[in-house]
Amino acid sequence: MPTRTLGARKRIALVAHDNKKQELIEWALHNKTILAKHRLYGTGTTGTMIENALDQSVNKFLSGPLGGDQQIGAAIAEGSLDMLIFFWDPMEAQPHDPDIKALLRLASVWNIPIATTRSTADFILTSHLMNEDYDCIIVDFSSYIKRVIGH
Ligand SMILES: O=C(CO)COP(=O)(O)O
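Labelled according to an unreviewed UniProt entry, the protein chain appears under the name Methylglyoxal synthase, originating from Pinibacter aurantiacus. Among the UniProt annotations of the protein chain, the heading Sequence similarities (unreviewed entry) holds the following wording: "Belongs to the methylglyoxal synthase family."

In structure tokens form, the structure reads like this:
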């Protein structure tokens, strides 16, 4: 079975919709010491707010509605992100809802840990696997890639 190794120092993407940003910042502050051991990424606005709150550098993509969700999805597909903490807003439609769906889909395709609620984020962050290499099993897409088309 093919795997991808998520290293001991995780590359964590942090994303929150506007009504959820405060919650994510509170959660990040609460977990500042743990997060300091890992590398942080984020959509533009979320990333800036987390960087200011934690005083830890965050690699920032574009703002979500301007393409940031798509960039994070692409980074997951390329294997350059290990985990997604995404506090999306279940009470308000977003102009870029298709991008959000695409991001969550790619995170599932590549079987990375995803937290879309604060409680799940707590469970993930307190896992001993946060500090170890983890071989993440991925679907074997080789027959899909080699499929014959046009017969
Ligand atoms: O819209 C977002 C995720 O879908 C978040 O984007 P910002 O962090 O730039 O606000």
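Engineer: Summarise the nonpolar core; cite the residues concerned and give the values.
Structural biologist: W27, I50 and I85 are the most contacted members of the largest nonpolar core, which has 20 residues in total. Every element with two or more residues in this core is listed here: strand 2 (11-16), helix 1 (21-30), helix 3 (44-54), strand 5 (83-87) and helix 6 (118-125). Counting residues in each nonpolar core, the second largest holds 15 residues, with L84, I100, W110 and I138 among its members.

Engineer: Break down the side chain of T46 for me, citing the residues and quoting the values.
Structural biologist: Here T46 shows up in helix 3. What makes T46 buried here is its relative accessible area of 4%. At 3.2 Å, the side chain of T46 and the backbone oxygen of A16 are in polar contact. Among all residues touching T46, those that are not within four sequence positions of it are L14, V15, A16, K21 and L24.

Engineer: Describe the UniProt feature "domain: MGS-like" (unreviewed entry) in the protein chain, and please don't skip the residues or the numbers.
Structural biologist: Within this structure's numbering, the places UniProt gives as "domain: MGS-like" (unreviewed entry) are residues 1-151. Secondary structure content for residues 1-151 is 40% helix and 19% strand, and the end C-alpha separation is 29 Å.

Engineer: Go over the packing of helix 1 against helix 3 with me, naming the residues and quoting the values.
Structural biologist: Where helix 1 contacts helix 3, the axes come no closer than 10 Å and their chain directions differ by 35°. As helix 1 runs across helix 3, the sense of the crossing is right-handed. Where helix 1 abuts helix 3, its residues K21, L24, I25, A28 and L29 lie against T45, T46, M49, I50, A53 and L54. In the contact of helix 1 with helix 3, the residues fall into 8 nonpolar, 2 polar and 1 charged.

The rules behind these values
- Residues numbered from 1 in each chain as written.
- Predicted model: local features only at pLDDT ≥ 70, side-chain atom pairs only at ≥ 80, totals over all residues.
- Heavy atoms only, no water.
- UniProt positions renumbered as here; feature names shortened; annotations may be inferred.
- Core = buried A, V, L, I, M, F, W, Y, C linked by side-chain atoms within 4.5 Å.
- Buried < 20%, exposed > 50% of the residue type's maximum accessible area, 1.4 Å probe, protein only.
- Helix = DSSP H or I, 4+ residues; strand = E, 2+ residues; numbered from the N terminus.
- Polar contact = N/O pair within 3.5 Å; in protein donor to acceptor, adjacent residues only side chain to side chain.
- Contact = heavy atoms within 4.5 Å.
- Axes fitted to C-alpha atoms, helices over the stretch in contact; angles between N-to-C directions.
- Left-handed = near helix turned anticlockwise from the far one by under 90°.
- Nonpolar A, V, L, I, M, F, W, Y, C, P; charged D, E, K, R; others polar.

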